[in-house]
Amino acid sequence: MMITILALSAAASPLATHRAILAPESRLLAIRAEQVVLPDGGAPARGVILIEDGRIAAVGPDVEVPEGAILVEHRGTASAGLVALHSYSGSPSEMFDSTRSVLPEARVSLAFDPANPDFADALRAGITSIVLTPIPASLCGGTSALVKTSGGVVVRGEAQLSLGFSSLALRNNRFPTSFGGAVAELDRLFEEPEGVFARAAKREIPVLLEASSREDVARAIAFAQRHELTGAISGAAWAGELAEKIHSAELSVVCGPWRIGEERRDLLAVLALEKAGVPFGFAIDAPANHPLMLRAGAAMCLREGLGRATAWRALTSDAARIAGAEDRIGSLSKGLDADIVLWSGDPLDLGSTPQAVYVDGKLAWKDKP
Amino acid sequence: MRALTGWFQLGLCAASLAAPAIAADGSTSLFIQGKRIILRPGEEIQDGAILVRDGRIAAVGRDLRQPEDAKRIEGAVVCAAYIDAWGALGLGQDSLRDPTTSAATRTVDGLDPWADEHLRRETLRAGVTVVRVQAGADARVGGIGALVRVAPDLPAGDAVVQPACSLSMSIGQAAPGEAEGRDPFERIADLDRVVSAVETGKNYLIARTEHRYELEEWEKKIAEKETELDKDAKKAKKDREKEQKEAEEKGKPFQEKKYKEDKRPQPPRYDEDSEILGRVADGAIPFFVQANRSSEIRGLLTGTAEHDRLRLVVVGGAEALACSRMLAERRIPVLLAPVPRGRLGSNEEETAPLSLAGDLARAGVPLLLGTGGEDAGASRDLPLVAALAIGNGLERSKAFEIVTLGAARAFDASDRLGSLEVGKAAEILVLEGDPLTAGAGVRYVVSAGRLVVEPGN
Amino acid sequence: MIPIHALALALALVPAGRREDEPQRRWTIYADEIHTSTGRTLANGMVFVNNGKISLVSTGREESPERELLKVRAVTAGLVDASVRIDAELQSVEQSSEISPSVRVADSLDPFSIEWDRQVRSGVTTVLANPLDLDVVGGLGVVLKTAGPESIEARTVRADAVLRGAMGSQPSYGNHPAFGRPTDFFSRRPTTRMGVEWEWRKAFYDAAASRKDSERAYPGSDLVLRALDGDLTIAIQAWTTQDIRTAVFLKEEVERELGGHPRVLLDAAAEAWKEPDLLVRSKVGVVLPPFPSNGRTGEGSFMAWNVARMLHDRGVPIALSSHGSANPEDRLPLQAGYAMRGGLDFESALEAVTISPARMLGVEDRVGTVEVGKDADLVLWNGPPFEPGSRIVGVLVDGVLKVDPREQAE
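So, how was this worked out
Residues numbered from 1 in each chain as written. Chains lettered and ligands numbered in written order. Predicted model: local features only at pLDDT ≥ 70, side-chain atom pairs only at ≥ 80, totals over all residues. Heavy atoms only, no water. Helix = DSSP H or I, 4+ residues; strand = E, 2+ residues; numbered from the N terminus. Rg over C-alpha atoms; globule rule 2.2 N^0.38 Å. Contact = heavy atoms within 4.5 Å. Lys, Arg positive; Asp, Glu negative; His and termini not counted. Charge placed at Lys NZ, Arg CZ, Asp CG, Glu CD. Buried area = accessible area lost by both parts, 1.4 Å probe. Salt bridge = Lys/Arg side-chain N within 4 Å of Asp/Glu carboxyl O. Polar contact = N/O pair within 3.5 Å; in protein donor to acceptor, adjacent residues only side chain to side chain. Nonpolar A, V, L, I, M, F, W, Y, C, P; charged D, E, K, R; others polar. Pairing = 2+ DSSP bridges. Domains from an automatic or database assignment. Axes fitted to C-alpha atoms, helices over the stretch in contact; angles between N-to-C directions. Core = buried A, V, L, I, M, F, W, Y, C linked by side-chain atoms within 4.5 Å. Buried < 20%, exposed > 50% of the residue type's maximum accessible area, 1.4 Å probe, protein only. Phe/Tyr/Trp six-rings, centres within 6.5 Å; stacked < 30°, edge-to-face > 60°. Lys NZ or Arg CZ within 6 Å of the ring centre and 35° of its normal.

Undergrad: What's the story with the overall build of chain A in this structure? I'm lost.
TA: Scanning chain A for helices and strands turns up 9 helices and 17 strands. Computed over the C-alpha atoms, the radius of gyration of chain A is 21 Å, within 12% of the 21 Å expected from 2.2 N^0.38 for a compact globule of 369 residues. Dimensions of chain A, computed from C-alpha atoms along their principal axes, come out at roughly 70 × 40 × 35 Å. The contacts in chain A between residues at least 6 apart in sequence include a share of 67% that link residues at least 24 apart. One way to put it: in chain A the 35 positive side-chain charges average out to a point 2 Å from where the 44 negative ones average out.

Undergrad: How should I be thinking about the interface of chain C and chain A in this particular structure?
TA: Accessible area lost during the coming together of the parts is what is often quoted as the interface size. Across the contact, 21 residues belong to chain C and 23 residues belong to chain A. Both sides of the chain C and chain A interface together cover about 1600 Å² of buried area, and 57% of this is carbon and sulfur. Per-residue buried area on chain C facing chain A is highest for Gln91(C), Asp107(C) and Phe112(C); these three make up 39% of the total on that side. We note a salt bridge from Asp187(A) to Arg104(C), for which the minimum N-O separation is 3.9 Å. There are 6 residue pairs in polar contact (both at pLDDT 80 or more) connecting chain C and chain A. Split into classes, the residues belonging to the side of chain C that touches chain A amount to 8 nonpolar, 7 polar and 6 charged.

Undergrad: Looking at this structure, I do not really get the pairing of strand β1 (residues 28–36) of chain A. What am I missing?
TA: One face of the sheet, then the other: side chains in a regular strand alternate in exactly this way. Residues and elements named next belong to chain A. By the bridge criterion, 7 bridges tie β1 to strand β2 (residues 45–52) in an arrangement that is antiparallel. Counterpart to Val36 in the pairing with β2 is Ala45. Judged from the 7 bridges that link them, β1 and strand β4 (residues 70–80) form a sheet pairing that is parallel. Within the sheet, the bridge partner assigned to Val36 lies in β4 and is Ala78.

Undergrad: Even after reading the chapter, I still don't get the domain arrangement of chain C, so can you show me in this structure?
TA: Residues and elements named next belong to chain C. Taken domain by domain, chain C holds domain 1 (4–78 + 373–409) and domain 2 (80–360). On a C-alpha basis, the centroid separation for the pair domain 1 and domain 2 is 32 Å. Domain 1 puts 22 residues into the contact, and the matching count from domain 2 is 20 residues. Across the interface of domain 1 and domain 2, roughly 1700 Å² is buried in total on both sides, 66% from carbon and sulfur atoms. Sorting the residues of domain 1 by area buried against domain 2 places Ser37, Gly78 and Phe386 first, and these three jointly supply 37% of that buried surface. Connecting domain 1 to domain 2 are 3 salt bridges. As a salt-bridge pair, Lys145 and Asp375 come within 2.7 Å of each other at their nearest N and O atoms. On the surface where domain 1 and domain 2 come into contact, there are 5 residue pairs in polar contact (both at pLDDT 80 or more).

Undergrad: How should the sheet that holds strand β3 (residues 53–59) of chain C be read in this particular structure?
TA: Each strand in a sheet pairs with its neighbour through backbone hydrogen bonds, running either in the same direction (parallel) or in the opposite one (antiparallel). Residues and elements named next belong to chain C. Taken together, 7 strands build an open sheet; the order of strands is β3-β2-β1-β4-β13-β14-β15 and the sheet is mixed. In the strand order of this sheet, the two ends are held by β3 and β15 (400–403), each with one partner. Across the sheet, the mean angle from the axis of one strand to that of its neighbour is 35°, orientation sign disregarded. Looking at chain direction, strand β13 (residues 378–381) and strand β14 (residues 392–397) are connected through 4 bridges and run antiparallel. In the strand pairing of β14, Leu378 is matched with Leu396.

Undergrad: What's the story with the nonpolar core in this structure? I'm lost.
TA: In summary, soluble globular proteins display a tendency toward joint burial of nonpolar side chains. Within the largest apolar cluster, 91 residues are counted, with the highest numbers of intra-cluster contacts made by Leu161(A), Leu163(A), Leu209(A), Val217(A), Ile246(A), Phe280(A) and Phe282(A). The element contributing the most residues to this core is helix α7 (residues 293–304) of chain A, with 8 residues. Not counting residues within four places of it along the chain, the set of residues in contact with Ile246(A) comprises Val217(A), Ile221(A), Ile233(A), Ala239(A), Leu251(A), Val253(A), Leu273(A) and Val278(A). Counting residues in hydrophobic clusters, the runner-up holds 81 residues, among them Ile38(B), Val289(B), Val314(B) and Leu336(B).

Undergrad: I tried to follow the environment of Pro171(C) on my own but got confused; where do I start?
TA: All names here are of chain C. Along the chain, Pro171 falls in the loop between β8 (156–166) and α3 (185–188). Separated by 31 residues in sequence, Pro171 and Leu140 place their C-alpha atoms 16 Å apart. If sequence neighbours within four positions are ignored, Pro171 has contacts with Asp133, Leu134, Asp135, Val136, Ala166, Pro190 and Val196.

Undergrad: Got a minute to help me understand the packing of aromatic side chains in this structure?
TA: To describe a pair of aromatic rings, you give the distance between the ring centres and the angle between the ring planes. Residues and elements named next belong to chain A. One pass over the structure, following the stated rule, counts 11 aromatic pairs over all chains. Judged by centre distance (5.7 Å) and plane angle (65°), the rings of Phe112 and Phe119 are edge-to-face. The pair Phe112 / Phe119 is uniform in exposure class, with both members buried. On the basis of an interplanar angle of 80° and a centroid distance of 5.9 Å, the ring pair of Phe280 and Phe282 is categorised as edge-to-face. Since its relative accessible area comes to 2%, Phe280 is described here as buried. Pairwise contacts between aromatic rings join Phe165, Phe190, Phe197 and Phe223 into one cluster. It is Arg219 that lies over the ring of Phe179; its NZ or CZ is 3.7 Å from the centre.

So this is what it looks like as structure tokens:
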């Protein structure tokens, strides 16, 4: 979609935060903001982000704006786009195939509709990438997909292999009916020489271990260690209480989603993850939850004492790593996709709001002034 | 008012035993110094201090001297504590979900001062010290809500700020046990019920007032007649005896001349619900009506237009923007709980857009903010909910006013709460940064003149 | 044999101090009586615990500043319960298949359950955890400690300790014939005892045949083969006489026809007292269920308090169990008391809840007696053990004090 704005005079209205001429196609775009959030989330400083062909070419206070570049001035803060780690956006009813308990070749990347308004909601909340996951109601529901919230771009078609360790994966009238049976079957599947499980066993694709209680988490950790898997644990509010074990197993955690009135114990479990050095990101489980709760959840953890840098990483770079795409998204670094959000203020303050969002260097959404 | 239950009496004992008491009511004197003291929304002083004594603000200013017996606290920013206008703290699930509430049901009767103790501490740490609670959250008529303090172990008089701060009714909400979604006829019936409730109350009030006047008149008349009769008593007696004799002589039965007095005027039948509705119609208790659709809000406004003493508050108000002019003209506040809801499972007409707070504020409609009245733990997140509203267009200073003085005014408690002025109750926050920002950092909280939150506790 | 004199072991190489947050693991325990479960009782003796193991058992008194001191009336080894279910629900048994040897009970255990705490307080320090017996062959039982790190792996004493199954009517509960009903596995499974026995036999025969013909192998048949070879103990639940006989005959048939030499344990063998000759002849061990208050117990079987004595007198190895029951009267220490009331002498009752189940489960090298070198799993009593008037005032698991006698009111 092309947006053409004519700058009528240099003396723009004091209320405008953008002064830009957007020609239809330009290779070079420069964004100058009063504050730029650095990858560690701290000490934002005035700077320029230079974008070339949809990627970040340079970031810093001393970056020169080259000739021919379109300049966007922003009176506020610019940061990398947020990464949400667990969602059913785009097709909530399509994420679960009830006929089979093991369907590793199922790909969520083929199940979503990019025109679904869930993605526009996420974009407006500052989320530029989202991991769409199978619903954890089977032993293996398929592979998750990392997609951009604008343009339906699939960044990673097989981002994680989803494995069910909670009682949701069990049935009372179909295999497996027991945790023992489920684990025995998974053990057997991981012995297969070829296929998706074999790739996961070789650590070519990370696993997403879906749990709901602490005993599920304990079981999942033991399993991952036994097969030397890499990946993340999702869905258990108190996973953080096993933070040391998760750290020894070199796994990550997907936390949340949180709601207004969330129990403090759940938030303290996130602090335990920080203390043990376990990387984590946040889930949103849209469309049952609003994408704004991604930042709201981070704000709740901050209030309980989570470090700012940790919170920022959980929303961006650590989440990108868990999704297996830290080479593409998650920070304002040279060579990464130009997914940038222009905020009215500090993105970790809920009082700030996105005013414009760029995905792959193109303006994907802009707030009405 | 019915006598308060034994819970509060126990609380009184506990408080007086637990406090290392200096003052008789168990509170210490406090001397709070701040680099910036926000006295009221829009008014600040630099490098000032507040003296708290006996639960109240005794002095505020720049040149106060610290008394010897006062405990000293200092911080960067000092402001009034927040009020959650739509909470559920201290009210058990049974009362909250009670489907049998009526207008006369009083939420204070269902309060447990020791319930949700861990939630109370978290809520205080977030800076919220007063919460409005309402029984019968699901019911069509919720009864009388109360304004209560969050801090535990307070003596009876301090735990409840206002035992009758609102009467709650709803339009368009399914009663518990009914299927979701009410058809247009049911909604019209709801609206009628709400409007006629006010009518009923007003008429009841009028009837009682009239009765009072009639009774007065009647008593006056009786008294007059009695004096009249007393005056002519002797003469009347003689006349009577004469007539008796005459009757005897004539052989006729004696007709006693009786004075028939008018019947004593009967009062209107006592109805406790109508009593309350009368007080609502008279403006003594604010009337909180939950209505989301614009047609219903409009119907509510036009239906109650003639009751100029009625203090109406629209709760929910998802489509209130369509009626903003009427609301602004009549200064009717809208109570919002701007919690972001996912698309799935939420009804579009009943879900307020996140920008609503900002839009209504700009249209001049008074606002109240709360956390939804269903989850006791949600009051702790009031600052976050306010921040979300700020992020979606509400001005920060306005948000601050709404959760402090604005809420106090709406509940007629602005003589006691909402700002840092001499004589008001000491509900004070000491922060590291601006209120309602991520950097606010609540360090100390004072409620009812007691230090309830300190760093490290 | 117990060394009378102090015998310092290499295990005494302990670090000089311990961190604040680490539990104390070095103890000296003075006791009026130490019941070792080896047949010997020491009077006025002491036990040293170093780093989770028993480092000394002898008469006398010797204090040491590095070890904390506990003084009690009596000490026994931590009790071993050979048949327990901890929060076992439908998720512990793989109902989609009647024979599911590779399903591990350990995968369905919850390390955070409060049941563990109840077991510890009853003096039980080691258990064999079983699944619900809704399958004919339910899977692999695990022997683990009832306290320790909050992880099943860390507490496991012996993984895959027994191949668990049931003979009798439980695996046929809820099953129904296929006529006129949609196919589900409840219509495929046996509906009679003989059907259950047939499943067992088929499992053994197919496993044996799979050595030559790989087509006869099935998931878990390798484990059944190990069981046939005697490498994996088979624990069969058999309440009634007919089930006990069926199990024993099956064992003998397998030995005869398939050349196997399985080690078999009969669990919940309430009516074992009716067939003692059979049990002696076939050399199977018996785990008794909790004594019922009026004689009737599982599947209509009958047992009285003297059956333990009867079996013991005939030379049948016995162990007592509690099935992890939540009823206080079914807890293991009381079971030993009931057996004694039925005529069993104290030493034999003590063995039946310590070294005998340890032997049956193959963990006698680590637990079951109070001897130097064994895990420091000890129960401390304020009177003669198993008497109703005595209480358990202390429990150590792997040398960590889980119930503290100093906090108990006398």
